[in-house]
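Below, each chain spelled out in residue letters.
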Amino acid sequence: MTNGSEQDSVPFTVRLVPPLMASNDYFIRLRDLLASVLPREAERPDARRRAFAMLFSLVVATVLWFSVSMDESYNLGVDLAIEVRRLPDGQALRSPPRSPVRVTVQGRGWDLLALSRNPPVLTVDAEEDRINLLSAASEMGRLPTGVQVQSIVPTVLPLDLDEEVEKRVPVQLRGALELDADHEYLESPNLQPDSVRVVGARTILRDLVAWPTVPVDMDDLDASFEIQVALEDTLAALVEIDRTQTRLAVRVDRFTQATRELVVQVVGVPPGVQAVRLLPSRVTATYRVPVNDALFAQAQ
């Protein structure tokens, strides 16, 4: 450890006593420590037995102290997430409410320990644009028995509300589908259903033009397939949608390349023109077709 420059630092040694654990290594170290502080006892034949007795007494005393302490009443601050379950008729959230909120509770140590390890979600019903969080937290039935709410910050939660409207938007496939070098699409990737109905605040839906899927990334595609693709929640649960997934169908095939010589024909010759000379009169077309179609054409 240094303080300032290296030249001014003074080396020192700190002996750390490891915590009481079930490990044999820590047990041996603690036994040696007890033996070092009792040099006269260490010379006796029963010194080891006395050290074990002292250690056992220390463990029992610690467990008893912890058990008695956890039966006492304490105050504890817990952060709870907010979930708005109901809104006034015809209203929708324009922005998410403040979350989490700080709740101070009182109860037995054991109950508070369980609460701190698994804090519940504070679910509130919004009959207006302001919620009394202290009343909502006091009436919440998810706290352990005997735990009481003392205070909450903030006490009142304002909600940012707007008129609720409905809109249907197309589903947008996100990601990249990379085909194998010899394969091409038989048709564009197809989503069914290809649209979703969205219900939410007017100010949010006004600028909403599509609803994305989760990213779908695939490389070297060489076969057709169909999969279920989840729709991504990009609006933090501020709106409701009538489905959570769609079906993606991709049809690909291996293509082959061929050439064909075509005769050039002229159509729509103006009146009075007796003959038209073409240079060249034949052209060579190069095209790609699915292998299965090419084999069928050869069989014909």
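As a reminder, the structure under discussion sits directly above these lines.
In this report, we go over the structure that sits alongside the text. No experiment lies behind these values; they were computed from the predicted model shown.

**A few points about the overall build of the protein chain**
Helices and strands together make up the secondary structure of the protein chain, namely seven helices and 20 strands. Expressed as a percentage of its 300 residues, the buried residues of the protein chain come to 26%. Here the analysis covers contacts within the protein chain between residues at least 6 apart in sequence; of these, 71% occur between residues at least 24 apart. Per element, the accessible surface of the protein chain, about 21,200 Å² overall, is 50% carbon and sulfur.

**A look at a negative patch on the surface**
Together, Glu178, Asp217, Asp219, Asp220 and Asp222 give the surface a local cluster of negative charge. If one sorts the elements of the negative patch by residue count, strand S15 (residues 216-221) sits on top with three residues. Looking at the secondary structure, you find aspartate 217 in strand S15. According to the relative accessible area criterion, aspartate 217 is exposed, its value standing at 57%.

**Focus: the side chain of aspartate 162**
Mapped onto the elements, aspartate 162 comes out in strand S9 (residues 161-172). Arginine 94 provides the closest opposite charge to the buried, salt-bridge-free aspartate 162, at an N-O distance of 4.2 Å. Excluding its chain neighbours within four sequence positions, the residues that come into contact with aspartate 162 are Gly90, Gln91, Ala92, Arg94, Ala201, Arg202 and Thr203.

**Points about unusual backbone geometry**
For the peptide bond that leads from glutamine 192 to proline 193, omega is -5°, which places it in the cis range. Secondary-structure assignment places proline 193 in the loop between strand S12 (190-192) and strand S13 (195-201). Across the junction of leucine 279 and proline 280, the peptide omega takes the value -5°, indicating a cis bond. The residue proline 280 is located in the loop between strand S19 (252-263) and strand S20 (282-290) in this model. Residue aspartate 220 is not a glycine yet carries a positive backbone phi of 55°. Residue position: aspartate 220 is located in strand S15. Relative accessible area serves as the criterion here: at 55%, aspartate 220 is assigned to the exposed category.

**Some thoughts on the sheet that holds strand S11 (residues 183-185)**
Paired through backbone hydrogen bonds, the strands of a sheet run either parallel or antiparallel to each other. The sheet built from three strands is open, its strands ordered S11-S19-S20 with antiparallel pairing. The open sheet is flanked by S11 and S20, the only strands paired with a single partner. The mean angle between the axes of side-by-side strands here comes to 50°, regardless of whether they run parallel or antiparallel. Bridge analysis of S11 against S19 gives three bridges, and the strand direction is antiparallel. Considered in S19, the bridge of glutamate 184 is made with aspartate 253.

**Considering the pattern of salt bridges**
Any two side chains of opposite charge can pair, given that their charged atoms come close. Taken as a whole and judged by the stated rule, the model has 13 salt bridges. Note that glutamate 187 and arginine 251 form a salt bridge whose closest N and O atoms lie 3.9 Å from each other. Here arginine 251 lies in the loop between strand S18 (245-250) and S19 and glutamate 187 lies in the loop between S11 and S12, a separation of 64 residues in the sequence. Overlapping salt bridges bring together Arg168, Asp242 and Arg243 as one network.

Cut-off values and rules
Residues numbered from 1 in each chain as written. Predicted model: local features only at pLDDT ≥ 70, side-chain atom pairs only at ≥ 80, totals over all residues. Heavy atoms only, no water. Helix = DSSP H or I, 4+ residues; strand = E, 2+ residues; numbered from the N terminus. Buried < 20%, exposed > 50% of the residue type's maximum accessible area, 1.4 Å probe, protein only. Contact = heavy atoms within 4.5 Å. Areas by Shrake-Rupley, 256 points an atom, 1.4 Å probe, with all protein chains shown as cover. Patch = residues over 30% accessible without salt bridge, like charges linked within 9 Å, V, L, I, M, F, W, Y side chains within 5 Å. Salt bridge = Lys/Arg side-chain N within 4 Å of Asp/Glu carboxyl O. Lys, Arg positive; Asp, Glu negative; His and termini not counted. Charge placed at Lys NZ, Arg CZ, Asp CG, Glu CD. Pairing = 2+ DSSP bridges. Axes fitted to C-alpha atoms, helices over the stretch in contact; angles between N-to-C directions.

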